[in-house]
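# Fold and geometry: a report
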Amino acid sequence: MINQQKSIAEEFLQATKAFNEGALQLGFGDLSNYYWYHTVELPNGLITPGQYDFRATISSFHFPENMQGMTVLDVGSATGYFAFEFEKRGARVTSVEIPSLESLDRFPGQNTEQLLRKIEKMMKTMTRLDEARTRYSAKDLYFYLLKGPFEFCQKLLNSRVERCLSTVYDLSDKLAGTRFDLVFMGDILLHTLNPLQALAAVTPLCDGTLILSQVIPDAPDGTPVLIYVGGDDLNNDEISWWLPNKLFLEQLLKKFGFKSVLTVGTHSGTLKPAGFPFVRSVLHASR
């Protein structure tokens with residue numbers, strides 16, 4: 001296991017070096033501070049060195065192959081892999097991301113500075129953020145983490161994906177009057193302090209199918225529960241708090257008006273550069 005993790009870390013470092021050198025040679029400047037959440041294939045042989053690479057497992061999500069004429073909402077888009085994939089399949093896509101790092105949920109008692117330092121520490125494991133520089137501003141971190149990577153991919157792909165800057169809680173107001181054939185949420189509810197409020201803001205926007213991809217524990221005792229995973233250390237929660245179990249989501253989504261709620265399978269992979277394996281359930285809720 002240790003040798004495998006070491007190999008994955010070395011491959012990631014090679015991929016990062018190849019991408020950064022390729023970007024420089026193509027005249028895009030120094031992108032070594034960019035944090036690539038997703039692996040995205042770009043023109044000119046550029047491939048972003050993503051923390052998550054979904055290219056080989058995309059079929060596990062059971063997205064429609066032909067999305068021509070569909071409208072899709074990608075909530076929590078990050079680097080934008082799924083938004084660009086939906087567009088490639090023919091959909092008209094709206095990509096949602098938070099407007100600033102200050103708008104991220106934080107546990108009561110955590111201040112903005114604590115949150116920023118936590119994010120900065122995470123980013124330094126994958127980028128060349130200057131170790132000697134002890135503090136990056138919220139604006140700089142937001143650019144390197146979300147704005148810069150997405151817009152770089154969007155430009156090179158000549159993409160027409162629309163970017164909507166909003167918290168998940170404000171989406172119903174932000175997109176009032178708009179409905180989507182498909183709404184995708186991957187690893188979103190885990191990072192919300194109020195997952196019921198988050199779903200209540202998103203579900204009215206979906207006229208067709210809502211697809212959730214995240215850890216969804218089973219409910220062997222038949223009890224619908226929301227499992228707290230934030231621990232007891234205020235400074236060590238990885239901005240993660242809640243896991244709804246399968247029965248909880250099935251009942252709640254039906255209460256929100258979805259007639260069918262099915263777990264269609266799982267997708268798995270390896271987190272880079274750490275080399276830790278992950279497994280996520282894929283749930284489809286249909287009107």
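## Some points on the sheet that holds strand β1 (residues 71-75)
If you walk across this open sheet you meet the 7 strands as β3-β2-β1-β4-β5-β9-β8, and the pairing is mixed. Edge positions in the open sheet fall to β3 (162-165) and β8 (260-271), since each of these has one partner strand only. Taken pair by pair, the neighbouring strands of this sheet meet at an average axis angle of 20 degrees, ignoring direction. Examined bridge by bridge, β8 and strand β9 (residues 276-286) share 11 bridges and lie antiparallel to one another. Note on β9: the bridge partner recorded for Gly265 is Val282.

## As for helix α7 (residues 246-255)
Among all positions in α7, only Phe248, Leu249, Leu252 and Leu253 are buried. End-on, the buried residues of α7 take up no more than an arc of 110 degrees, which puts them together on one face. Tucked inside the fold, the buried residues of α7 contact α6 (195-202), β5 (206-214), β6 (226-228), β7 (242-244), β8 and β9. Phi turns positive one or two residues past the end of α7, at Gly257, with a value near 105 degrees.

## Observations concerning helix α4 (residues 138-156)
In an α-helix, one turn spans 3.6 residues, which is why side chains three or four residues apart end up on the same side. Look at α4: 26 Å from first C-alpha to last across 19 residues, which is about the 27 Å you get at 1.5 Å a residue. At Tyr144, α4 is deflected by roughly 45 degrees, the largest bend along its length. Of the residues one or two after α4, Asn158 is the one with positive phi, at around 55 degrees.

## Observations concerning the environment of Asn33
Note on placement: Asn33 falls in the loop between α1 (2-25) and β1. Along the sequence, Asn33 and Lys139 sit 106 residues apart, while their C-alpha atoms lie 13 Å from each other.

## Section: the pairing of strand β4 (residues 180-186)
Counted residue by residue, β4 has 5 buried out of 7 residues, so it is predominantly covered. Across 4 bridges, the pairing between β1 and β4 is parallel. Residue pairing for β4: Leu73 is matched across the bridge by Val183. Inspection of the sheet shows β4 paired to β5 by 6 bridges, in the parallel sense. Residue Leu182 lies in a different strand from β5, and its bridge partner there is Thr209.

## With respect to the state of the cysteines
Counting across every chain of the model gives 0 disulfides. Of all cysteine sulfurs, the one in Cys164 lies closest to Cys153, which takes part in no disulfide; the gap is 19 Å. A relative accessible area of 0% means that Cys153 is categorised as buried. Of all cysteine sulfurs, the one in Cys206 lies closest to Cys164, which takes part in no disulfide; the gap is 16 Å.

## Some words on the packing of aromatic side chains
Evaluation of the coordinates by the stated rule reveals 26 aromatic pairs. Between the aromatic rings of Phe19 and Trp36, the centroid separation amounts to 5.1 Å while the plane-to-plane angle is 75 degrees, which identifies the pairing as edge-to-face. Within this pair, whereas Phe19 is found in helix α1, its partner Trp36 is found in the loop between α1 and β1, the two being separated by 17 residues in sequence. When sorted by exposure, Phe19 lands in the same class as Trp36, which is buried. Between Phe54 and Phe82, the aromatic rings sit 4.9 Å apart at their centres with planes inclined by 45 degrees, giving tilted as the arrangement.

## So, unusual backbone geometry
Backbone phi values are negative for most residues with the exception of glycine, while trans is the configuration of most peptide bonds. Cis geometry is found at the peptide bond from Lys272 to Pro273, where omega equals 0 degrees. Here Pro273 lies in the loop between β8 and β9. Look at Asn158: it is not a glycine, yet its phi comes out positive at around 55 degrees. For Asn158, the position within the fold is in the loop between α4 and β3.

What counts and what doesn't
Residues numbered from 1 in each chain as written. Predicted model: local features only at pLDDT ≥ 70, side-chain atom pairs only at ≥ 80, totals over all residues. Heavy atoms only, no water. Pairing = 2+ DSSP bridges. Helix = DSSP H or I, 4+ residues; strand = E, 2+ residues; numbered from the N terminus. Axes fitted to C-alpha atoms, helices over the stretch in contact; angles between N-to-C directions. Buried < 20%, exposed > 50% of the residue type's maximum accessible area, 1.4 Å probe, protein only. Arc of directions from axis to C-beta. Contact = heavy atoms within 4.5 Å. Expected span 1.5 Å × (residues − 1). Bend = angle between axes of the 7 residues up to and from the residue. Disulfide = S-S within 2.5 Å. Phe/Tyr/Trp six-rings, centres within 6.5 Å; stacked < 30°, edge-to-face > 60°.

These results come straight from atomic positions and should not be treated as a statement about function.
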